[in-house]
Amino acid sequence: MNSQATAPKVTKETKNKIRVEFERTDFWTRFKLKYLSMKFLTTVVWVIFRLVLLVGISYVILSPVLSKIFSSFMGRNDFVDVTVKYIAKNPTLDIYKTLIIEAEYFEAFFNTLTLSLFCAVLQTFICCVIAYGFAKFKFKFNNLLFGLVIFTMVVPHETLQLSMFVNFKSFDIFGIVELITGSPINLLNTYWPLTILSLGGLGFKNGLYIYMLRQFFRGVPDELEESAYLDGSGVFRTFVQIIIPLSVPMLITVFLFSFSWQWTDMFYTELFFPKTSINMMPDVVSVIPKALETTGFAGQKMYEAAIRNTASLLVMAPLLIMYLFCQRYLIAGVERSGIVG
């Protein structure tokens, strides 16, 4: 006779209950280990801190911009209504309409666009050639000349203001022009002063562009040029067919910088273009149209500030649109320029 007791038979239902109970216990164990640990609580506190910090910084940066945008749609009565802070009770487009019509916004837009494109293209090409020479060729006084280029970045523009004005007002080249025409040429109120400065590598911020491009060209392997020279390619052909295609992101970055700074430039524009001549973007911001006169108005200061803010928004709008389409080229160019770590 078998002395061993017969083991009880475990049914399928009992196995399911045991499995469910085990999974439930295992879930709570995993939950406690993952979400009730000190490491998780520290991570949550750090994420919340970063979120609050980012929201606070974003508010500080965006609040003035949003305030300008909201005030541009306000009517006169909204500026004397203490209950109005951001959202206008009497929304209107009068400020925009008046600036576009009376301040001749579109005329200033096309004049500034023409000048900015012209200067940006010239400066990008000239600075590219100069920077390539500094980066790839060894010649006497190389470092000294490059030091002078860097020096142009720290010289205040106001220091050269009077001399530039006098030189371009009575422009001459070693007395040749006066010998031929009988008197120097007045180049003010024309694009020639900025053209000559751009061609000479002395335009606005050209020292910075040369430095950026030089740093980029120094990172281009010399083996590429040596291979081209061995294949019979000359210096100019190598520069055009090999170096420039490699430099497209950097050239776009320099072009965007040059275009943007020329677009918002007031120093050279006011110096070479008096107020009574060509209508440019700075004129849109500096003049309040007669239809928006605020004399005797209780909220005069706030209303004038809103008019100038609206004008500045109209000036910046084309640059913002351009940035939306070109931002990846700008970021790539700045990363390769050597001016960031």
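Residues numbered from 1 in each chain as written. Predicted model: local features only at pLDDT ≥ 70, side-chain atom pairs only at ≥ 80, totals over all residues. Heavy atoms only, no water.

Trainee: Before we move on, can you summarise the overall build of the protein with the specific residues and values?
Mentor: Counting its regular elements, the protein contains 15 helices and 0 strands. Of all intrachain contacts in the protein linking residues separated by at least 6 positions in sequence, the fraction that spans at least 24 positions is 71%. (Helix = DSSP H or I, 4+ residues; strand = E, 2+ residues; numbered from the N terminus. Contact = heavy atoms within 4.5 Å.)

Trainee: Talk me through the pattern of salt bridges; I want residue IDs and the actual numbers.
Mentor: Scanning all chains against the criterion turns up 2 salt bridges. Residue D222 is joined to K136 by a salt bridge in which the shortest nitrogen-to-oxygen separation is 2.7 Å. In this pair, D222 is assigned in helix 10 (residues 222-230) and K136 in helix 4 (residues 105-136), connecting sequence segments 86 residues apart. On the accessibility criterion, K136 (17% relative accessible area) is buried. E225 serves as the salt-bridge partner of K136, at 3.5 Å between the closest nitrogen and oxygen. Here K136, found in helix 4, pairs with E225, found in helix 10; they are 89 residues apart in sequence, far enough to count as distant. Among the charged side chains, a network of salt bridges with common partners joins K136, D222 and E225. (Salt bridge = Lys/Arg side-chain N within 4 Å of Asp/Glu carboxyl O. Buried < 20%, exposed > 50% of the residue type's maximum accessible area, 1.4 Å probe, protein only.)

Trainee: Go over the side chain of N142 with me, naming the residues and quoting the values.
Mentor: By the secondary structure assignment, N142 is in helix 5 (residues 142-154). With a relative accessible area of 10%, N142 lands in the buried category. Engagement of the side chain of N142 in a polar contact is seen with the backbone oxygen of F137, the distance being 3.0 Å. Beyond its immediate stretch of four places on either side in the chain, N142 contacts F134 and F137. (Polar contact = N/O pair within 3.5 Å; in protein donor to acceptor, adjacent residues only side chain to side chain.)

Trainee: An account of the packing of helix 4 against helix 12 (residues 248-263) is requested, with residue identities and associated values reported.
Mentor: As a packed pair, helix 4 and helix 12 sit with axes 8 Å apart at the nearest point and diverge in direction by 140 degrees. If you check the angle between helix 4 and helix 12, you find them oblique. Handedness of the crossing formed by helix 4 with helix 12: right-handed. Residues F109, T112, L113, L115, S116, L117, C119, A120, V121, Q123, T124 and C128 of helix 4 pack against L251, V254, F255, S258, F259, Q262 and W263 of helix 12. Among the residues making up the contact of helix 4 with helix 12, the classes are represented as 13 nonpolar, 6 polar and no charged. (Axes fitted to C-alpha atoms, helices over the stretch in contact; angles between N-to-C directions. Parallel < 35°, antiparallel > 145°, perpendicular 65-115°, else oblique. Left-handed = near helix turned anticlockwise from the far one by under 90°. Nonpolar A, V, L, I, M, F, W, Y, C, P; charged D, E, K, R; others polar.)

Trainee: Quick rundown of the packing of aromatic side chains? Include the residues and the values.
Mentor: Under the definition given, this model contains 23 aromatic pairs. Ring centres of Y132 and F239 lie 4.9 Å apart, and the angle between their planes is 45 degrees; on these two criteria the pair is classed as tilted. Here Y132 is found in helix 4, whereas its partner F239 is found in helix 11 (residues 235-246), with 107 residues between them in sequence. On the numbers, 5.9 Å between centres and 65 degrees between planes, the contact of Y191 with F273 is edge-to-face. One end of the pair, Y191, is in the loop between helix 7 (176-181) and helix 8 (192-199); the other, F273, is in the loop between helix 13 (267-272) and helix 14 (281-286), with 82 residues separating them in the sequence. Note on Y191: relative accessible area 25%, which makes it partly exposed. (Phe/Tyr/Trp six-rings, centres within 6.5 Å; stacked < 30°, edge-to-face > 60°.)

Trainee: Break down the packing of helix 9 (residues 206-218) against helix 12 for me, citing the residues and quoting the values.
Mentor: Interaxial distance between helix 9 and helix 12 falls to 10 Å at its minimum, and their mutual angle equals 170 degrees. Comparing the axis directions of helix 9 and helix 12 gives the class roughly antiparallel. Within the contact between the two elements, helix 9 uses L208, Y209, M212, L213 and F216 and helix 12 uses M250, L251, T253, V254, F257, S258 and W261. Here the residues of the contact of helix 9 with helix 12 sort into 10 nonpolar, 2 polar and no charged.

Trainee: For the nonpolar core, give the residues involved together with the corresponding values.
Mentor: Among the nonpolar cores identified, the biggest contains 30 residues, and L99, W263, M281 and V284 are the most heavily contacted of them. Leaving out residues up to four positions away in the same chain, M281 has contacts with Y105, A108, F109, T112, W263 and V315. In this structure, C127, Y209, F216 and F239 belong to the second largest nonpolar core, which totals 20 residues. (Core = buried A, V, L, I, M, F, W, Y, C linked by side-chain atoms within 4.5 Å.)

Trainee: So what's going on with unusual backbone geometry? Which residues, and what values?
Mentor: For E104, which is not glycine, the phi dihedral falls at a positive 50 degrees. By the element assignment, E104 lies in the loop between helix 3 (94-102) and helix 4. The exposure class assigned to E104 is partly exposed, which follows from its relative accessible area of 39%. At K205, a position not held by glycine, the phi torsion is positive, near 65 degrees. By secondary structure assignment, the location of K205 is in the loop between helix 8 and helix 9.

Trainee: Summarise helix 11; cite the residues concerned and give the values.
Mentor: For helix 11, which comprises 12 residues, the first-to-last C-alpha distance of 15 Å matches the rise-based estimate of 16 Å (1.5 Å per residue) to within 8%. Buried residues along helix 11 sit against helix 4, helix 9 and helix 10. (Expected span 1.5 Å × (residues − 1).)

Trainee: Give a detailed account of the environment of K85, specifying residues and quantitative values.
Mentor: Note that K85 resides in the loop between helix 2 (38-71) and helix 3. For K85, a relative accessible area of 64% translates into the label exposed.

Trainee: Tell me about the side chain of T195, and please be specific about residues and values.
Mentor: Structurally, the position occupied by T195 is in helix 8. If near-sequence neighbours (up to four positions away) are discounted, T195 is found in contact with F118 and L122.

Trainee: Can you explain the environment of M250? Please cite residues and give values.
Mentor: Mapped onto the elements of the fold, M250 is located in helix 12. Measuring from C-alpha to C-alpha, the distance between M250 and M212 comes to 8.3 Å, with 38 residues separating the pair along the chain.

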